[in-house]
Amino acid sequence: SRHRPSDKMQAQAWQIVGNALPGYPQVAKICSWIHENLQYRYGVSSSTTDALDTLPQGAARRTQSPERTVAELAWIAGEIRPRRVQMRDPVFAADRARAAAICELLIARGVSLKFNCESRPEHFDDDLLRLLWAAGAWRIKIGLESGDPALLVRLGRAPDAAAAERAIRETQRAAATCAALGLR
């Protein structure tokens, strides 16, 4: 695990392998358990979660608090001083209240940090885009797989053509707001 010592998962590991012989039989048991119990998909964990956070809670989306996020960003801005930071969360704005709280805290605490973020077009309204810009966003990636409504439906990204067309319009609207603000 990235953030915690592996010995903290020892009890779970022994529960999975049971009385399998050491070596390949234990590895095979773990592989089988992984294939039967875990789902790999976006939004299930983040750079701040680890196996101990994710495992007992299942496949729900978990995030850290806006306060903790801003504290980490403030530390990065003060100690590392990067030109910019990529917030690696494909659905950063899915929880609009959380994204807005992060922006408001960055502004209130005077954290000077340029950042990139990404999310689906329906997650960005014009007010949130303005708030992101004010908080230091300089690039926003708006995730839309295609401008073809039929393809969006075939990919399962929209339930029907009307929803796909709405997603395309939302992307165009969000992109226009980004351009007006000078966001890339």
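The coordinates are above.
What counts as what
Residues numbered from 1 in each chain as written. Predicted model: local features only at pLDDT ≥ 70, side-chain atom pairs only at ≥ 80, totals over all residues. Heavy atoms only, no water. Buried < 20%, exposed > 50% of the residue type's maximum accessible area, 1.4 Å probe, protein only. Helix = DSSP H or I, 4+ residues; strand = E, 2+ residues; numbered from the N terminus. Pairing = 2+ DSSP bridges. Right-handed = clockwise from strand over helix to strand, strands pointing away. Core = buried A, V, L, I, M, F, W, Y, C linked by side-chain atoms within 4.5 Å. Contact = heavy atoms within 4.5 Å. Salt bridge = Lys/Arg side-chain N within 4 Å of Asp/Glu carboxyl O. Axes fitted to C-alpha atoms, helices over the stretch in contact; angles between N-to-C directions. Parallel < 35°, antiparallel > 145°, perpendicular 65-115°, else oblique. Left-handed = near helix turned anticlockwise from the far one by under 90°. Nonpolar A, V, L, I, M, F, W, Y, C, P; charged D, E, K, R; others polar.

A. Looking closely at the pairing of strand S2 (residues 115-119). With respect to burial, S2 is a largely interior element, 5 of its 5 residues being buried. Side chains Phe115, Cys117 and Ser119 project from S2 onto one buried face, and the interleaved Asn116 and Glu118 project onto a second face that is buried too. Where strand S1 (residues 85-86) and S2 come together, 2 bridges link them in parallel fashion. Along S2, the bridge assignment pairs glutamine 86 with asparagine 116. Each parallel crossover has a hand, and for S1 linked through helix H5 (residues 96-108) to S2 it is right-handed. Sheet topology places S2 next to strand S3 (residues 137-142); 5 bridges connect them, and they run parallel. Counted as the bridge partner of glutamate 118 is lysine 141 from S3. Tracing the backbone out of S2, into helix H6 (residues 126-135) and back to the parallel element S3 gives a crossover that is right-handed.

B. Looking closely at the nonpolar core. Among the nonpolar cores identified, the biggest contains 29 residues, and Phe92, Leu106, Phe115, Phe124, Leu132 and Ile140 are the most heavily contacted of them. For this core, the secondary structure elements donating two or more residues are helix H4 (66-80), H5, S2, H6, S3 and helix H8 (161-181). Top contributing element to this core by residue count: H5, with 6 residues. Not counting residues within four places of it along the chain, the set of residues in contact with phenylalanine 124 comprises Ala93, Glu118, Ser119, Leu129, Leu132, Ile140, Lys141, Ile142, Glu170, Arg173 and Ala174. Counting 5 residues, the second largest nonpolar core, distinct from the first, contains Leu152, Ala158, Ala164 and Ile168.

C. Quick peek at the pattern of salt bridges. Throughout the structure, instances matching the rule amount to 7 salt bridges. Its salt-bridge partner being arginine 173, residue aspartate 126 comes within 2.5 Å of it at the nearest N-O pair. Taken together, the residues aspartate 126 in helix H6 and arginine 173 in helix H8 connect sequence positions 47 residues apart. Judged by relative accessible area, which is 25%, aspartate 126 ranks as partly exposed. Among the salt bridges present, the one from glutamate 170 reaches arginine 173, with a minimum N-O distance of 2.8 Å. Remark: arginine 173 and glutamate 170 occur in helix H8; sequence separation between them is 3 residues, near one turn of the helix. Residue classification places arginine 173 among the partly exposed residues on the basis of a relative accessible area of 24%. Each of Asp126, Glu170 and Arg173 takes part in salt bridges that share partners, so that together they form one network.

D. Representation of the packing of H4 against H5. As a packed pair, H4 and H5 sit with axes 9 Å apart at the nearest point and diverge in direction by 45 degrees. One finds that H4 runs oblique with respect to H5. Crossing handedness for the pair H4 and H5: right-handed. Contacts between H4 and H5 involve Pro66, Glu67, Thr69, Val70 and Leu73 on the former and, on the latter, Arg98, Ala101, Ile102, Leu105 and Leu106. Grouping the amino acids of the contact of H4 with H5 by side-chain chemistry returns 7 nonpolar, 1 polar and 2 charged.

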